[in-house]
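Listed below, chain by chain, are the residues.
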Amino acid sequence: MTKIRFDSASDLIKQADKSTKTIGQLVIEQTKNSQLISSDEVIADMHKRIVIMEESIKKGLQNTGRTKSGLAGGDAVLLKKYKSAKQIISKTQLKALSYSFAIMEQNARFGKIVALPTAGSAGTVPGSLIAVFEDLNLNRDDLIDAFFTAGAVGILVASKASVAGAVGGCQAEVGTASAMAAAGLTQLRKGTPSQCFNAAAIALKGLLGLVCDPVAGLVECPCIKRNATAISNAFMASELTLAGVRSNIPFDEVVMAMNNVSKLMAQELKETAKGGLATTPTGEKIRRKLYS
Ligand code: SF4
């Protein structure tokens, strides 16, 4: 899948509208053609990856221990058990957050995860899509289609900008994951191809400029909770879209803007742990404690 390149979201939308196919179906078709394998094999490969994501959620929800650094662990279970008469987010969004924490905590424990698009942002897309798939009682084909739709967003960002925190800051990692999830959530709920990219545009705009500042250089703080931000942002972007709200800036141009912001961003804010939260008094204290 990484070998295929789309020219733009606008091209994909045009192709999808013309062929009455979903974005996901077009990704399957192009992957099949570029890798010289059958559609069934492309789908089976995605299915295999989704099973790995489901297993990491399951394991993360069974493990309440702290990570080796002591910075994370146990929050997935905490969220799973959380119930309050004063709760203001939906049951499904809370489940998505819990699933994302489960995956991210597994990642911090060096457990098996699927980097989507990166390890630091691995909780957002599966957390969102699997929770909604379960709660809306959708079928497996719909889930697979939504993952391929999310994949198209990731492919476009990776080819036009970057999905690496070291290159573009956290907007590139968690921002992209949020845009992927927003598109996938919109597809899961039968949005049009144009709506999928509208949701992705709104999500990415919301996290534009987000810096990469991991405390002690570990993918734990703020990364795990940033995935929670990305999920909330994706739910919002998909809902706004289905309600009819349109992004003034199209997705392709939001990606151009993200790339531009990446170039303007200081090196201290690109995974070097030399700025942002990493250099707060508490961030420094944690680093000294871990490495002294
Ligand atoms: S802060 Fe940096 S390491 Fe952490 S998720 Fe964001 S980009 Fe990745």
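Residues numbered from 1 in each chain as written. Predicted model: local features only at pLDDT ≥ 70, side-chain atom pairs only at ≥ 80, totals over all residues. Heavy atoms only, no water.

Chemist: Kindly report on the nonpolar core, identifying the contributing residues and their values.
Modeler: Counting 74 residues, the largest nonpolar core has Phe147, Val153, Phe197 and Phe251 as its most contacted members. Here this core takes eleven residues from helix α7 (residues 140-160), the largest share from any one element. In contact with Phe197, other than residues within four places in its own chain, are Ala9, Leu12, Ile13, Ile23, Ala152, Val153, Leu156 and Phe251. One finds Val174, Leu207, Cys212 and Ala230 within the second-largest nonpolar core, a separate group that totals five residues. (Core = buried A, V, L, I, M, F, W, Y, C linked by side-chain atoms within 4.5 Å. Buried < 20%, exposed > 50% of the residue type's maximum accessible area, 1.4 Å probe, protein only. Helix = DSSP H or I, 4+ residues; strand = E, 2+ residues; numbered from the N terminus. Contact = heavy atoms within 4.5 Å.)

Chemist: Report on α7, specifying residues and quantitative values.
Modeler: Between its terminal C-alpha atoms α7 stretches 31 Å, which fits the 30 Å expected from 21 residues at 1.5 Å a residue. For α7, a buried count of 16 out of 21 residues is recorded, marking the element as mostly surrounded by other parts of the structure. Two or three places before Asp141, at the start of α7, stands the capping residue Asn139, its side-chain oxygen 3.0 Å from that residue's backbone nitrogen. (Expected span 1.5 Å × (residues − 1). Polar contact = N/O pair within 3.5 Å; in protein donor to acceptor, adjacent residues only side chain to side chain.)

Chemist: Hey, could you go over the site of the ligand for me, with residue numbers and the actual values?
Modeler: By nearness alone, every residue bordering the ligand is listed as Gly120, Gly165, Cys170, Glu173, Val174, Cys212, Asp213, Cys223 and Arg226. Looking at the shell around the ligand residue by residue, the class counts come to four nonpolar, two polar and three charged. (Near = heavy atom within 4 Å. Nonpolar A, V, L, I, M, F, W, Y, C, P; charged D, E, K, R; others polar.)

Chemist: Please set out the packing of helix α9 (residues 170-188) against helix α10 (residues 193-206) residue by residue, giving values where relevant.
Modeler: Contact geometry for α9 and α10: axes closest at 8 Å, N-to-C directions at 150°. Comparing their axes, α10 and α9 come out roughly antiparallel. With respect to the hand of their crossing, α9 and α10 are arranged in right-handed fashion. Residues Gln171, Gly175, Thr176, Ser178, Ala179, Ala182, Ala183, Thr186 and Gln187 of α9 form the contact with α10, whose participating residues are Gln195, Cys196, Ala199, Ala200, Ala203 and Leu204. (Axes fitted to C-alpha atoms, helices over the stretch in contact; angles between N-to-C directions. Parallel < 35°, antiparallel > 145°, perpendicular 65-115°, else oblique. Left-handed = near helix turned anticlockwise from the far one by under 90°.)

Chemist: Outline the side chain of Thr31, supporting the account with residue identities and numerical values.
Modeler: Counting through the fold element by element, Thr31 comes out in helix α2 (residues 23-35). Engagement of the side chain of Thr31 in a polar contact is seen with the backbone oxygen of Val27, the distance being 2.6 Å.

Chemist: Can you tell me about unusual backbone geometry, naming the residues and giving the values?
Modeler: For residues that are not glycine, phi is negative in most cases, and the peptide bond is trans in most cases. The residue after Leu116, namely Pro117, is reached through a cis peptide bond having omega 0°. Within the element layout of this structure, Pro117 appears in the loop between α5 (91-108) and α6 (124-135). Residue Pro222 is bonded to the preceding Cys221 through a cis peptide linkage, with omega at 15°. Tracing the backbone through its elements, the reader meets Pro222 in the loop between α10 and α11 (223-242). Within the chain, Thr20 stands out as a residue other than glycine whose phi angle is a positive 50°. For Thr20, the position within the fold is in the loop between α1 (9-19) and α2. Judged by relative accessible area, Thr20 falls into the exposed class, the value being 71%. Unusually for a residue other than glycine, Asn137 sits at a positive phi of about 50°. Here Asn137 lies in the loop between α6 and α7.

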